[in-house]
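# Breakdown of the fold
What follows is each chain in one-letter form.
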Amino acid sequence: MAQHDTPKKKNIDSLLPKSDIVESGYLNSMLYNFSASYKIYWFKGIFAEVMKGNFQIPYRRIVARMIASAWYPVVYYKLSLGHSDKLSDAIFYIHHDLGVAREEKEERIVTIICENQDKRLNKMISDFTNMVPYRLIRPFYQRQLDYEKKHDFYFNDAKINGFIEQYNRNDFGNAFYVLNNAEGYLSVSTNWIYYLKLNAAIVEGWMNYKLIDYVQRRNPNVPAIPYKIFPPTDRDRNLSAETKYWKKIQSEMPLFDIYTGTEFTEENLQTYGGMSIDHFIPWSFVLHNEIWNLYPMYKNMNSGKNNKLPDKDMYLNEFCEKQYQAFMIAKSWKKDKITEKYLNVKKDIFGIDGSDRGHDAFLVAMRQTIEPLYQIANNQGYMVWRY
């Protein structure tokens, strides 16, 4: 299964292959109806380590994997993992207080967390290991726990953990993993290692579906959620075709920067550091390179704008105006499909005869497309930027 596939929810658990050596139904039980992100990211961390050939895994390394895996969804794409979810708190602490860059590589994040002995970070890691390791494997011992609960009026989380640890201590044949709290690591069962490796692609697709479903329900208005649980690739950010388009536009009309009001002349380009193609609404929110959301700006300013929203009241009208001027030029190009991309703004932006519907209609269509996305992005935590 491709990593971005999302089959119908009612069928997803039935896709897990049956096995003669493990009860695959436990996988679904471990990740059934979870209310916080910890369990899915704990499982995801173990899965990643098993795929790397690591079967005795320190708790700290699993937590590091949790944080690294959730890093881009939280820091880069500004997704919510839930109002009371503490994984985001740890991520923001590492990002803001420990100074780990927004676009740091996943493996480097794992290394930083494993090696850093910051006291507050250590406390956060300890908090994650107090409950999550037990909660994930609780389905393996649910019958015993139900029995104990009938005979214990004061049945609480601490007792549940104690029972699970007791049952799990020598359970190498059945459980997904065996805990070693004294030394701070767990050992993944040989049978489960074999199952995960044999069915790696299917299990990964199933796991990612569970994560996408969880994140989507907590970010219902945000576009492109299935792609936002992964770091972006270089191909996602390739703007060579779009750069060629704006260069061609510039050959037929002067282009002016909407933030400074200056023309992209050689003198100004030298002053402001060249020209780059910028997303008006940040790419990390829309996750596309549609031409109607792109316009040139100076490179030096672009680095300051980064993934912020330009002040709508100051810049949106001018942005739409420049888009219309470029659109009118592009319409005259024979067999050029770039104008078709504006159909994604408004399907009837062209009349029956192929002509545009006019300046005002174009600007209204642009604003009606951009403003709702702008507001959702702002609500999601994207800051407003002014030159």
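Below or above, wherever it landed, is the structure these notes cover. Predicted, not measured: the structure shown is a model, and the values here were computed from it.

By size, the foremost hydrophobic cluster in this structure holds 127 residues, and its most contacted members are W42 and I46. Here the element with the most residues in this core is helix α4 (residues 59–76); it accounts for 13 residues.

The next thing to look at is the environment of S189. Tracing the sequence through the fold places S189 in the loop between β3 (185–188) and α10 (190–198). Sequence separation of S189 and S332 is 143 residues, and the distance between their C-alpha atoms is 66 Å. Residues in contact with S189, not counting those within four places in the same chain, are F172, A175, F176 and Y177.

Attention now moves to unusual backbone geometry. Note on backbone geometry: most residues besides glycine have negative phi, and most peptide bonds are trans. Even without being a glycine, A224 presents a positive backbone phi close to 60 degrees. What makes A224 partly exposed here is its relative accessible area of 27%. Backbone geometry places L287, a non-glycine residue, at a positive phi of 60 degrees. Relative to the assigned elements, L287 resides in the loop between α14 (283–286) and β5 (294–298).

As a further point, take the pattern of salt bridges. As a working rule, side chains carrying opposite charge can pair if their charged atoms are close by. All chains considered together, the criterion is met by 13 salt bridges. Salt-bridge contacts for K123 lead to D127; the nearest nitrogen and oxygen are separated by 3.0 Å. Separated by four residues within a single helix, K123 and D127 lie in helix α7 (residues 119–137), roughly one turn from each other. For K123, a relative accessible area of 48% gives the class partly exposed. Salt bridges sharing common partners tie together E49, K52, R61, R65 and E107.

How each quantity is defined
Residues numbered from 1 in each chain as written. Predicted model: local features only at pLDDT ≥ 70, side-chain atom pairs only at ≥ 80, totals over all residues. Heavy atoms only, no water. Core = buried A, V, L, I, M, F, W, Y, C linked by side-chain atoms within 4.5 Å. Buried < 20%, exposed > 50% of the residue type's maximum accessible area, 1.4 Å probe, protein only. Helix = DSSP H or I, 4+ residues; strand = E, 2+ residues; numbered from the N terminus. Contact = heavy atoms within 4.5 Å. Salt bridge = Lys/Arg side-chain N within 4 Å of Asp/Glu carboxyl O.

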